[in-house]
Amino acid sequence: QVQLVESGGGLVQAGGSLRLSCAASGRTFSRYAMGWFRQAPGKEREFVAAISRFGDSTDYADSVKGRFTISRDNAKSTVTLQMNSLKSEDTAAYYCAAGLKFSRADKDYDYWGQGTQVTVSS
């Protein structure tokens, strides 16, 4: 079992920045690829970013590429999502997830956090 707890969400003006963190506990963190997903009201959950087990590979949704950066610290069992140049369409609940496969598909992630809300005002 892996427990994931997100933090860092909040209210920010368009053009601003936020840094989301996800702290993991339980099984060895470096076993897992990590992903960030988001879900806006009335919409399906969507992929945001992923990072491989040792951070050598990253992947981003086109909508956030160049604005968001995912990183991880295996020694601290944390993954972060630095979000810059935020837009109103980035408003959503953001979830971190852990899985054995480096993937964009939420079905490949076995463990999920409870989510943290990001609201971008225009």
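Let us look at the structure shown here. (Residues numbered from 1 in each chain as written. Predicted model: local features only at pLDDT ≥ 70, side-chain atom pairs only at ≥ 80, totals over all residues. Heavy atoms only, no water.)

## Section: the state of the cysteines
Threshold: Note that a disulfide, as used here, is simply two cysteine sulfur atoms within 2.5 Å. Elements are defined by DSSP. Helices are runs of H or I of four residues or more, strands are runs of E of two residues or more, and each kind is numbered from the N terminus. For every residue, the accessible area obtained with a 1.4 Å probe (protein chains only) is divided by the maximum for its type, and the residue is called buried under 20%, exposed over 50%, and partly exposed between those limits.
If you walk through the whole model with that rule in mind, you get 1 disulfide. Across the disulfide, Cys22 is cross-linked to Cys96 (sulfur-sulfur distance 2.0 Å). One disulfide, between Cys22 and Cys96, carries an S-S torsion of 45 degrees and so falls in the right-handed class. One end of the pair, Cys22, is in strand E3 (residues 18-26); the other, Cys96, is in strand E9 (residues 92-99), with 74 residues separating them in the sequence. Take Cys22 and Cys96: they sit in the same class, and that class is buried.

## Description of the packing of aromatic side chains
Our working rule: Each Phe, Tyr or Trp ring (for Trp, its six-membered ring) is paired with any other whose centre lies within 6.5 Å, and the angle between the two planes then decides the class: stacked below 30 degrees, edge-to-face above 60, tilted in between.
All chains considered together, the criterion is met by 5 aromatic pairs. Consider the rings of Phe37 and Phe47, whose centres lie 5.8 Å apart with planes at 75 degrees: the pair is edge-to-face. Here the residue Phe37 occupies a position in strand E4 (residues 33-39), and Phe47 occupies one in strand E5 (residues 46-51), the gap between them amounting to 10 residues. For the pair shown, Phe37 and Phe47 are each scored as buried. On the basis of an interplanar angle of 65 degrees and a centroid distance of 6.4 Å, the ring pair of Tyr109 and Trp112 is categorised as edge-to-face. A relative accessible area of 26% means that Trp112 is categorised as partly exposed.

## Regarding the sheet that holds strand E7 (residues 68-73)
The line we're drawing: Pairing between strands is defined by DSSP: at least two bridges between them are needed. Simply put, an axis is a line fit to the C-alpha atoms, just over the touching stretch for a helix, and the angle between two N-to-C directions goes from 0 to 180 degrees.
Pairing in this open sheet of 4 strands is antiparallel, and the strands run E1-E3-E8-E7 from one edge to the other. Edge positions in the sheet fall to strand E1 (2-7) and E7, since each has one partner strand and no second. Averaged over all adjacent pairs, the angle separating strand axes in this sheet is 15 degrees, with direction ignored. Pairing of E3 with strand E8 (residues 78-83), which is carried by 6 bridges, proceeds in the antiparallel orientation. Residue pairing for E8: Ala23 is matched across the bridge by Thr78.

## Description of the nonpolar core
Convention followed: We call a set of buried residues a nonpolar core when its members are Ala, Val, Leu, Ile, Met, Phe, Trp, Tyr or Cys and they connect through side-chain atoms within 4.5 Å of each other. We call two residues in contact whenever any of their non-hydrogen atoms come within 4.5 Å of each other.
By size, the foremost hydrophobic cluster in this structure holds 36 residues, and its most contacted members are Leu4, Met34, Trp36, Leu81, Met83 and Tyr94. Elements represented by at least two residues in this core include exactly E1, E3, E4, E5, E7, E8, E9 and strand E11 (116-121). Not counting residues within four places of it along the chain, the set of residues in contact with Met34 comprises Leu4, Cys22, Phe29, Ala49, Ala50, Ile51, Ile70, Arg72, Val79, Ala97, Ala98 and Tyr109.

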